[in-house]
Amino acid sequence: MTVLEGIALGLLQGLTEFLPVSSSGHLALAEHFFSIESPGVTFEVFVHFGTAMAVVLFFRRRIASILVALARCVTRLQHDAAEVRLALHLLLATVPAAAVGYFLAPRIEQAFTSPVLVSVLLMVTGFILWFSGKLFPGTKVRGTWLDALVIGAAQALAILPGISRSGSTITAGLAVGLERRAAAEFAFLLSVPVIFGAAAASLGDALTAGASSGAALALGTLAAFLSALPAIALLLRAVTAGKLSSFAYYCWAVGAVSLAFVVTGH
């Protein structure tokens, strides 16, 4: 992998990881149509680490507040019960995706090799986003245990390539009655354990595989980190303004065009 390829793939990963257009779907289609070889597990682990660090930086104050509350709770000091409850909700919401990834990993990997399926699922994402525009914003700033499970189930569905994780989880948050900012914030905070967990699960393979190019790896990771920051800000503004559904047209267009090319053999 060249340095330019590393930067390009890092930019693609960073932008599409948080914009509701499915990073996995875009990467799968890019590999199919442009004959781009998979950069390997080492590169994937590092660029995912870059996007996760972008979330940590963007929400650093909120994450620090949660961690302090958990530390004070463990040490039996006075703590913010609401922040501890949020941390437990995030942990609970992580379980469905972890279970699906553990038990269905081989089938999920097969899905990445089907451009037809990826194209169709991108159009499904379009309908999910369109549906979000039909939902009235809720008033809940914090969800319940059941709300966390519903959002976690939506995240588990997004393991499939073409289904947007951010789009699915934010729409699920709106569906259970969270207000827009709260739904978006929960979705972003939920991405941290998921991305770090996926990277940790692949770390062993990454260490044995080795890096093909240190410069491509470093610059690709940096590109993913830097491109993820404006993507987070853009999506937050879109959700707060009630414009999440506007991304549906992009997903429909990409899915339909990709499917047409696959069916016609181009």
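As the structure is a prediction and not an experimental result, all values here were calculated from the model.

Conventions used here
- Residues numbered from 1 in each chain as written.
- Predicted model: local features only at pLDDT ≥ 70, side-chain atom pairs only at ≥ 80, totals over all residues.
- Heavy atoms only, no water.
- Salt bridge = Lys/Arg side-chain N within 4 Å of Asp/Glu carboxyl O.
- Helix = DSSP H or I, 4+ residues; strand = E, 2+ residues; numbered from the N terminus.
- Buried < 20%, exposed > 50% of the residue type's maximum accessible area, 1.4 Å probe, protein only.
- Phe/Tyr/Trp six-rings, centres within 6.5 Å; stacked < 30°, edge-to-face > 60°.
- Axes fitted to C-alpha atoms, helices over the stretch in contact; angles between N-to-C directions.
- Parallel < 35°, antiparallel > 145°, perpendicular 65-115°, else oblique.
- Left-handed = near helix turned anticlockwise from the far one by under 90°.
- Contact = heavy atoms within 4.5 Å.
- Nonpolar A, V, L, I, M, F, W, Y, C, P; charged D, E, K, R; others polar.

(A) Quick peek at the pattern of salt bridges. Evaluated as defined, the whole model comprises 4 salt bridges. Among the ionic pairs, Arg62 bridges to Glu185, the shortest N-O distance being 2.1 Å. Taken together, the residues span a long stretch of sequence, with Arg62 in helix α4 (residues 60-74) and Glu185 in helix α10 (residues 180-201) at a distance of 123 residues. With a relative accessible area of 15%, Glu185 lands in the buried category. Between Glu83 and Arg142 there is a salt bridge, with its nearest N and O atoms 3.4 Å apart. Taken together, the residues span a long stretch of sequence, with Glu83 in helix α5 (residues 81-103) and Arg142 in the loop between α7 (115-132) and α8 (145-157) at a distance of 59 residues. We classify Arg142 as partly exposed; its relative accessible area is 34%. Salt bridges linked by common partners bring Arg62, Glu83, Arg142 and Glu185 together as one network.

(B) Representation of the environment of Leu19 within the structure. With respect to the secondary-structure elements, Leu19 resides in the loop between α1 (3-18) and α2 (23-33). For the pair formed by Leu19 and Ser164, sequence separation is 145 residues and the distance between their alpha carbons is 8.2 Å.

(C) Layout of the packing of aromatic side chains. For the coordinates displayed, the defined rule picks out 7 aromatic pairs. Ring centres 5.0 Å apart and planes at 90° place the aromatic pair Tyr102 and Phe103 in the edge-to-face group. Accessibility classification places Tyr102 together with Phe103 in one group, the exposed group. Counting every residue linked through ring pairs, the aromatic cluster contains Phe18, Phe58, Phe59 and Phe188.

(D) Representation of the packing of α8 against helix α9 (residues 165-175). Close contact between α8 and α9 brings their axes to 8 Å; oriented N to C, the two are set at 155°. Judged by the angle between their axes, α8 and α9 are roughly antiparallel. Helix-helix and strand crossings are classified by hand; for α8 and α9 the assignment is right-handed. Contacts between α8 and α9 pair Val150, Ile151, Ala154 and Gln155 from the former with Arg165, Ser168, Thr169, Ala172 and Gly173 from the latter. Here the residues of the contact of α8 with α9 are counted per class, giving 4 nonpolar, 4 polar and 1 charged.

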